[in-house]
Amino acid sequence: MTSKTEKTNVPAQPTAATAVAVAKARGAQKPAPPAPKPLDIPQAIAVGELAKVMKVTPIEVIKQLMRQGHMFSVNEIINHDVAAEIATDFGFTVSQTAEKAESARLTVSTEGEDPAQLQPRSPVVTILGHVDHGKTTLLDAIRNTRVAAGEAGGITQHIGAYQVEYKGNRITFLDTPGHAAFTAMRARGAKVTDIAVLVVAADDGIMPQTIEAIDHAKAAGVPIVVAINKMDKPGANPDKVKQQLSEHALVVEEWGGDVIAVPVSALKGQGIPDLLENLLVVAEVAELKANPNRSAKGIVVEARIDKSRGPVATVLVQTGTLRVGDYLAAGPHKGRVKAMLDDSAKRIKEAGPSAPVEILGMETLPEAGEKFETVADEKTARQMTEAKAQERQARSGAGVTLEDVYTRIEAGEVKALNLILKTDVQGSVEAIRKALERLNTERTRVNVIHAAAGSITESDVLLAVASKAIIVGFNSQPEPGARTLGNQVSVNIRHYNIIYSLVDDIERALKGLLEPVYKDIIEGQATIRAVFSLGRGTTVAGFYVNSGKIARDAEIRVFRGGKQVFAGQIGSLKHFKDDVREVNTGLEGGITLEGFKDYQTGDVLEAHRRQQVGVG
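As the structure is a prediction and not an experimental result, all values here were calculated from the model.

1. So, the overall build of the chain
Secondary structure summary: the chain contains 16 helices and 32 strands in total. Nonlocal contacts in the chain, meaning residues at least 24 apart in sequence, comprise 72% of its contacts between residues at least 6 apart. Of the accessible surface of the chain, which amounts to about 28700 Å², a share of 51% is contributed by carbon and sulfur atoms.

2. Re the pairing of strand S22 (residues 445-453)
Among the 9 residues in S22, 8 count as buried, and that is most of the element. As defined by bridge partners, strand S21 (residues 416-423) adjoins S22 across 8 bridges and the pair is classed as parallel. Within S22, the residue paired with threonine 423 across the bridge is alanine 453. In this fold, S21 hands off to helix H13 (residues 426-437), which returns the chain to S22; that crossover is right-handed.

3. Overview of the confidence of the model for the chain
Parts of the prediction with low pLDDT should not have their coordinates interpreted in detail. For the chain, per-residue confidence averages 79 on the pLDDT scale, and 79% of positions sit at 70 or higher. Looking at the elements of the chain, mean pLDDT is at its lowest for helix H5 (residues 98-105), recorded as 37, and at its highest for strand S15 (residues 322-323), recorded as 96. Every residue in residues 1-34 is under pLDDT 50, and counting partners more than four places away or in other chains gives 75 contacts. Long-range and interchain partners of residues 147-157, a stretch whose pLDDT sits below 50, account for 16 contacts in this model, where long-range means more than four residues apart.

4. A closer look at the nonpolar core
Counting residues in each nonpolar core, the largest one holds 26 residues, and the members touching the most others are Leu138, Ile142, Phe173, Leu276 and Leu279. Those elements giving two or more residues to this core turn out to be strand S6 (124-129), helix H6 (135-148), strand S7 (161-166), strand S8 (169-174), strand S9 (195-201), strand S10 (224-229), strand S11 (260-263) and helix H10 (272-286). What isoleucine 142 contacts, discounting residues up to four positions off in sequence, is Ile127, Tyr162, Val164, Phe173, Ile272, Leu275 and Leu276.

5. Side note on the sheet that holds S21
Pairing is parallel in the open sheet, where 4 strands are placed in the order S22-S21-S23-S24. For this open sheet the edge positions go to S22 and strand S24 (493-496), each flanked by a neighbour on one side alone. Here the strands of the sheet are splayed against their neighbours by 25° on average, with no regard to which way each runs. The strands touched by H13 are S21, S22 and strand S23 (470-474); relative to S22, the strand with the most contacts, the crossing angle is about 180°.

6. What about helix H8 (residues 208-220)?
Relative to the 18 Å expected for 13 residues at 1.5 Å per residue, H8 spans 19 Å between its end C-alpha atoms, a close match to the ideal helical length. When H8 is considered as a whole, its buried residues turn out to be Thr210, Glu212, Ala213, Ile214, Asp215, His216, Ala217, Lys218 and Ala220. The positive-phi residue at the C-terminal boundary of H8 is glycine 221, with phi of around 70°.

7. Some thoughts on the sheet that holds S7
Strand order in the open sheet made by the 6 strands is S7-S8-S6-S9-S10-S11, with mixed pairing throughout. Either end of the sheet is taken by a strand with one partner, and the two such strands are S7 and S11. Averaged over all pairs of adjacent strands, the angle between their axes in this sheet comes to 30°, without regard to strand direction. The pairing of S10 with S11 spans 4 bridges and is classified as parallel. Residue pairing for S11: isoleucine 228 is matched across the bridge by proline 263. Each of S6, S9 and S10 touches H8; the most contacted strand, S9, lies at about 165° to it. Set on the sheet, H10 makes contact with S6, S7, S8, S9, S10 and S11; between it and S8 the angle comes to about 100°.

8. What about unusual backbone geometry?
In this structure, lysine 230 is a non-glycine residue whose phi angle is positive, near 65°. Of note, the phi angle at serine 354 is positive, near 70°, even though the residue is not glycine. Position of serine 354 among the secondary structure elements: in the loop between strand S18 (350-351) and strand S19 (356-362). We classify serine 354 as buried; its relative accessible area is 1%.

9. Let's talk about the environment of proline 120
Mapped onto the elements, proline 120 comes out in strand S5 (residues 119-120). Considered as a pair, proline 120 and proline 292 are 172 residues apart in the sequence and their alpha carbons are 9.8 Å apart. Apart from residues lying up to four places away in sequence, proline 120 is in contact with Leu288 and Lys289.

10. As for the packing of helix H3 (residues 58-67) against helix H4 (residues 80-89)
Their axes nearest at 10 Å, the elements H3 and H4 cross at an angle of 110°. The angle between the axes of H3 and H4 places the two elements in the roughly perpendicular class. Only Val82, Ile86 and Asp89 of H4 make contact with H3, whose side of the interface consists of Val61, Gln64 and Leu65.

11. Quick word on the packing of H13 against helix H16 (residues 499-511)
It is at 10 Å that the axes of H13 and H16 come closest, and there the two elements cross at 30°. For the crossing formed where H13 meets H16, the hand is right-handed. Contacts between H13 and H16 involve Ala431, Ile432, Ala435 and Leu436 on the former and, on the latter, Ile499, Leu502, Val503 and Ile506.

12. Quick notes on the pairing of S10
Among the 6 residues that make up S10, 6 are buried, leaving the element largely enclosed by the rest of the structure. When S9 meets S10, the two strands line up parallel, connected through 6 bridges. Its bridge partner lying in S10, valine 197 is registered against valine 225. For the segment spanning S9, H8 and S10, crossover handedness is right-handed. With helix H9 (residues 238-246) bridging S10 and its parallel neighbour S11, the resulting β-α-β unit is right-handed.

13. Things to note about the pattern of salt bridges
Applying the stated criterion across every chain yields a total of 24 salt bridges. Between arginine 529 and glutamate 588 there is a salt bridge whose closest N-O contact spans 3.4 Å. Of the two residues, arginine 529 is situated in strand S25 (residues 516-535) and glutamate 588 in strand S31 (residues 588-593); the sequence distance between them amounts to 59 residues. Judged by its relative accessible area of 46%, glutamate 588 is partly exposed. Via salt bridges that share partners, Arg304, Asp306, Arg309 and Glu358 belong to a single interconnected network.

14. Looking at helix H14 (residues 458-467)
Across the 10 residues that make up H14, a large majority, 8, are buried. Restricting attention to buried positions, one finds in H14 the residues Ser459, Asp460, Val461, Leu462, Leu463, Ala464, Ala466 and Ser467. Positive backbone phi, at 55°, marks lysine 468, one or two positions downstream of H14.

The rules behind these values
- Residues numbered from 1 in each chain as written.
- Predicted model: local features only at pLDDT ≥ 70, side-chain atom pairs only at ≥ 80, totals over all residues.
- Heavy atoms only, no water.
- Helix = DSSP H or I, 4+ residues; strand = E, 2+ residues; numbered from the N terminus.
- Contact = heavy atoms within 4.5 Å.
- Areas by Shrake-Rupley, 256 points an atom, 1.4 Å probe, with all protein chains shown as cover.
- Buried < 20%, exposed > 50% of the residue type's maximum accessible area, 1.4 Å probe, protein only.
- Pairing = 2+ DSSP bridges.
- Right-handed = clockwise from strand over helix to strand, strands pointing away.
- pLDDT = per-residue confidence, 0-100.
- Core = buried A, V, L, I, M, F, W, Y, C linked by side-chain atoms within 4.5 Å.
- Axes fitted to C-alpha atoms, helices over the stretch in contact; angles between N-to-C directions.
- Expected span 1.5 Å × (residues − 1).
- Parallel < 35°, antiparallel > 145°, perpendicular 65-115°, else oblique.
- Left-handed = near helix turned anticlockwise from the far one by under 90°.
- Salt bridge = Lys/Arg side-chain N within 4 Å of Asp/Glu carboxyl O.

Spelled out as structure tokens, the structure:
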């Protein structure tokens, strides 16, 4: 089946072979209309907006959706694939938007590889969901399946990732803390996961963290397989879960959609084989391949310092084969593989595509999500890591802001403004979302990739980095950790307490009308200790810097008795006899100001600088 609700969610069938056959059959080209009209559809679009761009009535679109098994109202959002299918029925040819193409680029590329060298590889799976819905129990149940199957090793070493063999096929599971780690890797440009398993408790249903996990998985463009857990509980209601999923554009197969939903009880080990079977089906249809006969490339899953062994990194090989003795470059970190262990703590000499291994030999500790590759020698590794460090320094501060949105739209870099919306109450979420939807035009649109009530978290910041989004808080403030992280990664976080102001700012950004907003920052303060006349009308003030710095390009304000008597630019700045760019705390210097000579001992000099803090 082609996707009707979420492109990457591949339908389940009794066997992988059947699924592949059906996928290929449904993917076959339909006879083109006599004169197809091109249409560019974003990753998500309202039904009414789709009708508008196709120049048909919303009723016609809703009827066609119903014929395809979808029940959507005029204001509901449908994804690219559903919209594309409907547009094709109306005689249009559909192209991908910029964000869709970006998603495609995140996948492990086989471009430039010799097709004859490509071989099937194991899928890499991440388990996401609400904190109390049984993610850890499910991972344990899957591990026990492996041990029960009599696999050598018995005791599984925790290395952040492990493999399970089922019916002769291997599946790699990333044992990460959740969607925060999942998105942290994406924030570094790493596409690690092939399939996301969304765990939803059958008795609780969808919770705020579940919605967040859905949004993170959708933003990453990975297939979602739902594990409806805790089916052994008396209050289990899988139909309620399926209904809630459909409200978030995840329609299960038995309801006419293409999302695989598997009932399981992780506690009792029920449904685990069915889940593994369906994961293999999704993987087979995706036709995952890699070239094992080349130098290795992959991702750092996690890293830690071991007291006896030094830096220890868990890596996932994505293509090529990693061997003991290989030199590695991982971002600004390098090393040589001295030893390699699999997830059963067994020493191995090489690891191929989709294999998770623990390596010893890194000189420093890489971060989760760092891409690594093997190189010829230590010199090459050093050159690559130094270049990467310089590149990151140059890129710092390059986050997306409302001010540059219009410029990027005009340059063709983006066709949508990605927003993460956090509000004080749930009612505000829908009100603001609907208000923002009215701003969508044929040229630009607002894409709310995640919206929820609550404070702005580190997870929101990571999602903003990964999706090149702006965070908008309505009566919602960042948590301390999120504020710090936002400053570090240059994520634009904006705050509002009036809906109209929020919507107006976004509209003005899309139209390119926003002007920069600056705030005044005091960089330093000094006291004049002496005044000198150098003749020819030149007067110099000798000063001592009490705090901060006095910089050559700052605006200087002179205060006397607490009142400002002058504000202007520096004419000259000296430390002893040398012209300098700045004089720092605890040092003395000499200064002249353009247009001011009436210095007095005891005057206070304040150095001010205007810093842009946003737009308005």
